[in-house]
Amino acid sequence: MVLLKILVLWVLHLALVGSQPTSKQTSTPPHPVGEQSPLGPDNLSFPWSRLRLPRYINPLHYHLLLHPNLTSLSFNGSVQIQIDVQNNTNWVVLHSKGLNITKATILDQNLAHLSDKVLPVLHNPSHEQIGIFSPRVLTSGQKYFLYIEFAAKLAEGFYGLYRSSYRTSTGETRSLASTHFEPTSARMAFPCFDEPSFKANFTVRIRRNPEFISLSNMPVVKTVHFNDDLLEDHFDVSVKMSTYLVAFVICDFKSVTATTSSGVQVSIYAAPEKIQQTHYALEVAVKMLDFYEEYFNIKYPLPKQDLIAIPDFQVGAMENWGLTTYRETSLLFDPLTSSVSDKLWVTMVIGHELAHQWFGNLVTMAWWNDIWLNEGFARYMEYISVEATYPDLKVEEYLLHVCFAAVGLDSLNSSRAISSPAENPTQIEEMFDTVSYEKGACVLHMLRHFLTEDVFQSGIVRYLRKYSYTNAHNQDLWDSLANTCSEEDFISGRHCYSTSQASKNAYLFAGEHLDLTAMMNTWTLQKGIPLVRVKRTGSRLLLRQERFLRTVLPSDPLWSSVQQGFLWHIPLTYKTDASSTIHRHLMTTLTDSINIGEEVSWVKVNSDMTGYYVVHYEDGGWDEMTNLLRKNHTALSYKDRTQLIHNAFQLVTAGHLPLNKALDLIGYLGLENHTVPLLQGLGYLEFFYRMVEKMDEFDLTRNLGVYILNFFRAVVDKQTWSDSGSVSERRLRSEVLSLACHLHDPPCVEQARQSFKHWLQSNGTLNLPTDVAETVYSVGAQDDHGWASLLHTYNISLSAAQKHTMLYALTCSTDTNKLHRLLELGLEGKVIRSQDLSSLILMVARNPQGHYLAWNFVKRNWDTLVKRFQLGSSCIRNILVGTTGQFSTPEELTEVQLFFESIKEQASQLRATQIVLDNVQKNVRWVQRNLETLRLWLDEQMKLRQQK
């Protein structure tokens, strides 16, 4: 699953949307004290008290029949589940949520009923479970059939089997039904054993009206006339898979189709009037499937792969096996209105979901505590696959920012370990966060460079082959990567993973034998990120590791307690001016030292940031780095330069480095020609500007804006208002011109106004260069006529990418009445879809005039937002973290604390609330410690400029 792409710059470095801390889950007692056991017919007591289902009944095969009615907006169906009973029992307990169970029976292997009476069905809504009582004992070692009939309304929102709709260019609204089951919503569509380890085969039949088509994981094998009005599609039997991967869609969409080199049929589905926007996705999907089949050396096991753009979709995309579902912005590409960033996003999302067909679908984590085995791998494979298939997109330039996002969360005390307890649906939903995705990807990136590409690739192939169609744990991955086979068995192609072979689980690395499990446990079983302190003493490099925290300063009384017990096995890399060699060293103790030689004038640790750790150069080390960048910045790679900038500003927040030192470090950027470090430095200055413009700091805001424009004048002036150049050049153009106009740079604003005027004169038919369209629209939205014209075009546009760009521009208005109207339209869900409400709120919050407007909107409509998006969802997380991301005063901190107190029951269930409080406390401290330094440094820069 891909989380939603949110265009909020500050979250990348400092606010960090998308993660929460661990909460401990205690074992559930049979029935909580003071609470009555759920009772059913004849006063039967519900037979099971735990959140997790019993292990002694396993589903083998589901025969599922569904009839979604798009007129009544309801559905009914039946499911026959073949079960394998491993303990004598009278009860079958499984999941069901919001379903009206109308009939339940149990049959033996010969399909004979065990009882001639209707079987009692008990409900335990708090655990989303039902219990079916059999008067005859189900015997251990026997197989039975559980038959259930059920009905329900199509769900409101984005989970289970829910209604979506789209509007044609003539204004007609058309409905469709679609599913989203991950992680715990298959139970909303049919009764099932809704846990990832209960893998089974599925045979699906769907009844529909003739004007619709139906899609599921497998191809249709036949269609029969059910009656005069209905057709029934029969789908082929699925492979063995988890319930969260089951999917079906009933719609009137069109498709384009192609075939991979191995014969897999790939189809892209979209609303009929958007079918021309599907061709790029088709090209990408075919290329990606071919790439993954070769990379994993395992054939894609299904005969087809459908990709469908759903008009209402909460997250970015979902990896249902054989039927991947997407937001329109994640799948559709319109060459006239989609930008190069949109193109990259579509490519990466498809790469992510198709990687899941192996990582997650073929091999699934045993439980949600290890969801990173799915999402961390898929996130990382985005970069490997896109770099291999579309090298011109320069995807490797974005990987650093994935790790920077992870650092931003992991350096808060409220972070969590990659592998963390999660039991109830809210806790499970919260696992889909920055830790699972971004940190997971960065730890894998570090491991790949540590083991080498060939060892890493062969290890994950072993892992996928060994655990195909089953479930796996962390340890299974480490065993596969370390290859505990004898050489003879490995060459013969056998898969051997016995503990007796553990002595062979060792690589020779930097002269040391490696216990891969011990090393990787330090990265997955403890939270946080290490800080490596580096000090030069003669020919030796002295090293010391500690936990890197931005929320607790070394001078705080809490410091020693939050550092207690943390130790990482860190695969260090470093480079010196003596040679181009990248040196390696495994640091497994709190302190260490390396002999680097007397003749070395500088040393750069963590080459290309392949390691997941922050580096602090002590005793003048940062001055050394500043001088190197000023005199010969190309002695370091662009990744090294970017990492230095990032680490310096993170160390400022953590209280290890004065702000003026970090600002001096980026003084070399006037010499910088590479987009990535240039935007990294510019990004911090923009963050500071956007923070102080929300305060009562007029002079500081003005001076900082003038400094940024003066310092980057040459970069701004050389930008053209076009779509020409490489992907990197186009990305720089979009970012730089957007900021220049926000800073009221006269040439930028004038050019944008002229372009917007031409667009207005064309009645919105002129296609602006996509690199600058957002900037042009944002300037044009400042007057009433321009804003109204944009809202009208937004309402009728068939391009999801263009709508997203225009929505952002509409939120740039300085008129609070207009911003309030946008929020109300988002809440209503007609002109602005509900799926876009969380993004809309963050866009408004980014506007200085919308800062408190967005926060007050969230407080006022909290219950509605939770009902629409679910409490543990990424949308609620993003809303909470994003709207408070630049709060930086003690009064604002108190305001947030009071709100969380008012929703205490819900806030106590959420990891995100502690993330928010940590983040705001961090911002308050930053302002208290650094605002005056920023003011003095800027005054000094202005004086120096005047003297020139």
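Residues numbered from 1 in each chain as written. Predicted model: local features only at pLDDT ≥ 70, side-chain atom pairs only at ≥ 80, totals over all residues. Heavy atoms only, no water.

1. Let's talk about the state of the cysteines
Applying the stated rule across the entire model yields two disulfides. The disulfide partner of C403 is C442, and the S-S distance across this bridge is 2.1 Å. Between C403 and C442 the disulfide shows an S-S torsion of about -110°. By sign, it is left-handed. Here the residue C403 occupies a position in helix α6 (residues 396-410), and C442 occupies one in helix α8 (residues 434-451), the gap between them amounting to 39 residues. Between C741 and C748 runs a disulfide, and the two sulfur atoms are separated by 2.1 Å. Torsion about the S-S bond of the C741 and C748 cystine: about -100°, corresponding to left-handed handedness. The same class applies to C741 and to C748, which are both buried. (Disulfide = S-S within 2.5 Å. Helix = DSSP H or I, 4+ residues; strand = E, 2+ residues; numbered from the N terminus. Buried < 20%, exposed > 50% of the residue type's maximum accessible area, 1.4 Å probe, protein only.)

2. Regarding the environment of N647
Of note, N647 is situated in helix α15 (residues 638-653). Residues N647 and V614, 33 residues apart in the sequence, show an inter-C-alpha distance of 6.1 Å.

3. Some details on the confidence of the model for the protein
On average, residues of the protein score 92 in pLDDT, and 93% of them are at 70 or above. This stretch, residues 6-39, has a pLDDT under 50; its non-local contacts, to residues over four places away or in other chains, come to 107 contacts. This stretch, residues 489-512, has a pLDDT under 50; its non-local contacts, to residues over four places away or in other chains, come to 50 contacts. (pLDDT = per-residue confidence, 0-100. Contact = heavy atoms within 4.5 Å.)

4. Things to note about helix α4 (residues 340-356)
The terminal C-alpha atoms of α4 lie 25 Å apart, and with 17 residues this matches the ideal 24 Å at 1.5 Å per residue to within 8%. Of all the 17 residues making up α4, 15 are buried; the element is thus mostly covered by neighbouring parts of the structure. Here α4 starts with a cap whose side-chain oxygen sits 3.3 Å from the backbone nitrogen of S341, and that cap is S339. (Expected span 1.5 Å × (residues − 1). Polar contact = N/O pair within 3.5 Å; in protein donor to acceptor, adjacent residues only side chain to side chain.)

5. Observations regarding helix α12 (residues 516-524)
In terms of burial, α12 is a largely internal element, seven of the nine residues being buried. Listed as buried for α12 are L516, T517, M519, M520, T522, W523 and T524. Those residues of α12 hidden inside the fold are in contact with α5 (372-389), α8, α10 (474-482), β24 (530-537) and β26 (570-576). Capping the start of α12, D515 holds a side-chain oxygen 3.2 Å from the backbone nitrogen of T517, two or three residues further along.

6. Some points on the pattern of salt bridges
Taken as a whole and assessed by the stated rule, the structure comprises 40 salt bridges. Here R187 and E128 are joined by a salt bridge, their closest N and O atoms 2.8 Å apart. On the criterion of sequence distance, the pair formed by R187 in the loop between β9 (173-180) and β10 (201-208) and E128 in the loop between β5 (121-124) and β6 (129-138) is long-range, its members being 59 residues apart. The exposure classification of R187 matches that of E128, with both residues buried. The closest approach of N and O atoms between R935 and E932, which form a salt bridge, is 3.2 Å. You can see R935 and its partner E932 sitting in helix α32 (residues 912-947), three residues apart, about one turn around the helix. (Salt bridge = Lys/Arg side-chain N within 4 Å of Asp/Glu carboxyl O.)

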